[in-house]
Each structure stands twice: as C-alpha cells, then as structure tokens.
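Coordinate analysis (summary)
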Amino acid sequence: MIGRWLLGRDRQQRDDMQFTLIAFGVYAFSLLVQWKTVVDGVVSPAAATTLALVIGTCQLSFLVLIRSGLTRHLQDSGLVLVQIVVGILLIAWAYVINAHVNGMLLMLVALVLSYSALSLSPRACLGIGGFAVLVFAVVIVVATQVAPRTFPPEKEYIHLAFLAVVLPTLSYIGSRVSRMRLQLKRQRRELRASLESIEQIATRDELTGLRNRRFVNEWLRLQLAQSRRLDVVVCIALLDIDHFKRVNDVCGHAVGDRVLQEFASIAMGVVREGEVFARWGGEEFLWVMVGKNPNSAIHAVDRLRALVSQSACWATQPGWPVSFSAGVAPLDPREGIEQALRQADDALYRAKVGGRAQTLVH
C-alpha cells in the first residue's frame, strides 16, 4: 500500500520513481560524506550547505514532477536526461569544493553515465559522455589557472586525461546497451503484434469476422464453470440459413459469401455485450446468450429474424428473401456442453423439417 502510494500505480511511473529514488539515495550518502568533511574542517560549511540545498531542491523537484504525473506525456517521462545533466553539473561543483578528495568524485560521474543506457537513445548516450568531458575540461582548466596550489596542474590534467578516455568509453558502451534495449523493445512489440494476429486467425472466421468454433468451444467451457459456480443461466441457439445451397448453386459462391457476411453484420447489431455470436460451420451459426432463459432466447432470435427479413438489408443481394431456422437449448451444468449442443441441433432439425424460418426449443 505504501509502495503504491509512493511510487504510483502506473508501471512506467513506478520505474521512473524507483530510478529517481535510487539517485536520491546516492546523493544522500554523498552528503553524509560531505558533512564529515565539514566536521573535519576541510570544506567550508557555507559551500557545503549551499551544495546540499541545491541537491535537495533538485531531487525533490524531480520526485514531485514525476509522482504528480506531469511528465507522463513526455517521451523521457522519468526526466532521465535532465537528471543526468544536473548530476554532472552537481558533481563538477562538488569537485571544486572538495579539492583534497576530488579524484574520488570521478567515480560518481561514471555512475551517473551508466544510467543513460536505461532509457536514453544511443545518440543521447554518446552526447552525454561528450558533455561530461567538456564540463570537467572547463572546470579543471579554470581551476588550475585560478588556484594552481589547490588544484595542481600535474594532478588535475591526469584526472582530465582519465575522464577523456573513460567517459567516452562508458558512453559508447551505454549507447550499445541502449541500442540493444531498443531492439529488444521493438522485437517484443513485433512479437506481441504477431501473437495477436495469430490469435485473431485462430479464433476468428476469416470470411465473416465472427468468432469461430475453436473459440466458442473454449469460451463455453468457461461459461459452464461460471454457471456451476454462480448459478448463471445460459442458453445456446443454433441458426442455419434456409436454402443456402440454392444461393450458391444459382448465384455462385461469391454471392453466397456476401450473404454470410451480411447476415453476420446484422446479427452483431443484435448481440448484446457478454454474449457470443460465432460461425459454427458453413451456413450455420451459434449464439451463446448469458442470463437468458429459453423464452428470452427465443424472443432474441425472433428479433434477429425480423431484422433479417427486411428487404432493405438485401438490396444488393439475390431477389428471394433470406431466412433462417433456429434451435434453442439451455446449457445445463449437470449435463455439459455436448448435451446442450445436441439438444439445440435436434431443435434446429425439427425447425427445418417443420417448414423452416422458425425457432424451436428443446
């Protein structure tokens, strides 16, 4: 609970907050060390206090901006680039006021640069390395000219040479890691899209766009379990377009395909949320109605039949009216799915034998 309140609910925001809090912890440790130098009389209390106030203000500002969600719309939602730039400038400041141990601070520069690979682009990683070298080159050159006793050139230029070699190397490594990270992210996105496409192919009928038999079989098993647990009423209806073979024989399969597509489109305008209307095979369709008893299911099927019988729906199709027969059966949790399908199929058969264009219940 506390972690969610502190870091936020959004996954990206939580990652950004964790990164900023880690940086906050590193700064806090550094300020403890800085306080020790003040106690020992090595560093001016005023200089150390000013640096501490600036660091605290910057880090608290980053935390507030990220946690408030104001940066969520940005590509760099964690303000990583800004934090790294600020971090380099702060370390350069600390380098000046801690002349006696400034060589140790160079490790912090390497630590700051290592974060660039986590979210920055490869180009930004290289740019940050160049920026860090430039900042410290200016600081070291000016310091050795202004206060050569405090900043001996022979020592400071060794530091600069070290930075000029190490920081670009770290930046290059960071850019390679960043490139691999982006490639993995792109591959995951492509894989996710491929899996969604495969799922669509596996669970949807290509011609009508309806769910297919494979999907319905799995979905019915879930509904059966829910019906047993929650005592939910479920009815199924098998629908079969009347004289569909004549459509194919007289007008051709292309017209037959358009009839199936139009029928599916009309049906989807009637099907309610939580129900499934699927192509069961050929000109046969299965309608699974959750929360409807057989009488309600018959009314729903008859409502669909009324829509299908309207001539306006078939203005571009064959001249004869399109109708369908249907069989309705309840899904009894005690008897199972196969029994319900057999009962609906028996009712459908009786409807077709009895004159078609009607709905019968088992």
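Keep in mind that this is a model prediction, so the values were computed, not measured. (Residues numbered from 1 in each chain as written. Predicted model: local features only at pLDDT ≥ 70, side-chain atom pairs only at ≥ 80, totals over all residues. Heavy atoms only, no water.)

As a further point, take the environment of leucine 163. In this fold, leucine 163 is placed in helix 8 (residues 153-203). The exposure class of leucine 163 is buried, given its relative accessible area of 1%. As for leucine 163 and alanine 137, which are separated by 26 residues in sequence, their C-alpha atoms are 8.8 Å apart. Those residues in contact with leucine 163 that lie beyond four places of it in its chain are Leu106, Val133, Phe136, Ile140 and Pro168. (Helix = DSSP H or I, 4+ residues; strand = E, 2+ residues; numbered from the N terminus. Buried < 20%, exposed > 50% of the residue type's maximum accessible area, 1.4 Å probe, protein only. Contact = heavy atoms within 4.5 Å.)

We now examine the pairing of strand 3 (residues 284-290). A regular strand places its side chains so that they alternate between the two faces of the sheet. Within strand 3, 6 of the 7 residues are buried, which leaves the element mostly enclosed by the surrounding structure. Pairing between strand 1 (residues 234-241) and strand 3: 7 bridges, direction antiparallel. Pairing of leucine 239 across the sheet is with phenylalanine 285, part of strand 3. Sheet topology places strand 2 (residues 276-281) next to strand 3; 5 bridges connect them, and they run antiparallel. Across the sheet, residue glycine 281 finds its bridge partner in strand 3, namely glutamate 284. Remark: 2 residues form the turn of the hairpin made by strand 2 and strand 3, two consecutive strands paired antiparallel; glycine 282 in that turn has positive phi of roughly 60°. (Pairing = 2+ DSSP bridges.)

Running from N to C, helix 2 (residues 11-39) and helix 4 (residues 80-97) point in directions that differ by 5°, and their axes come no closer than 12 Å. With respect to their mutual orientation, helix 2 and helix 4 come out roughly parallel. On helix 4, the residues that touch Phe19, Thr20, Ala23, Tyr27 and Gln34 of helix 2 are Val80, Gln83, Gly87, Leu90 and Ile97. Grouping the constituent residues of the contact of helix 2 with helix 4 by class yields 6 nonpolar, 4 polar and no charged. (Axes fitted to C-alpha atoms, helices over the stretch in contact; angles between N-to-C directions. Parallel < 35°, antiparallel > 145°, perpendicular 65-115°, else oblique. Nonpolar A, V, L, I, M, F, W, Y, C, P; charged D, E, K, R; others polar.)

Attention now goes to the nonpolar core. Core analysis: the largest hydrophobic core is formed by 35 residues, its most contacted members being Ile84, Ile88, Tyr95, Phe136 and Leu167. Elements that contribute at least two residues to this core include exactly helix 2, helix 3 (45-68), helix 4, helix 5 (102-114), helix 7 (122-146) and helix 8. Element by element, the count of residues in this core is highest for helix 4, at 10 residues. The contact partners of phenylalanine 136, leaving out residues within four places of it in the chain, are Ile88, Ile91, Ala92, Tyr95, Leu106, Val109, Leu160 and Leu163. Within the second largest apolar cluster, 30 residues are counted, among which are Ala237, Val255, Leu260 and Val308. (Core = buried A, V, L, I, M, F, W, Y, C linked by side-chain atoms within 4.5 Å.)

Further remarks concern unusual backbone geometry. Among all residues save glycine, negative phi is the norm, and among peptide bonds the norm is trans. Look at arginine 356: it is not a glycine, yet its phi comes out positive at around 65°. Summarising the element assignment, arginine 356 is placed in the loop between helix 13 (337-353) and strand 5 (359-361). Classification of arginine 356 by relative accessible area gives partly exposed; the value is 32%. Positive phi values are uncommon outside glycine, yet alanine 357 reaches one of about 55°. Secondary-structure assignment places alanine 357 in the loop between helix 13 and strand 5. On the basis of relative accessible area, alanine 357 is assigned to the partly exposed category, the value being 38%.

In this section: the confidence of the model for the protein. On average, residues of the protein score 85 in pLDDT, and 93% of them are at 70 or above. Confidence scores differ between elements of the protein, with helix 1 (residues 2-7) showing the lowest mean pLDDT of 62 and strand 4 (residues 324-330) the highest of 94. (pLDDT = per-residue confidence, 0-100.)

Moving on, we come to the pattern of salt bridges. Inspection of the entire model under this criterion finds 9 salt bridges. Close ionic contact of glutamate 156 with lysine 155 constitutes a salt bridge, the shortest N to O distance being 3.7 Å. Glutamate 156 sits in the buried class, given a relative accessible area of 0%. The exposure class of lysine 155 is partly exposed, given its relative accessible area of 29%. Residues participating in the shared-partner salt-bridge network are Asp240, Asp242 and Lys352. (Salt bridge = Lys/Arg side-chain N within 4 Å of Asp/Glu carboxyl O.)

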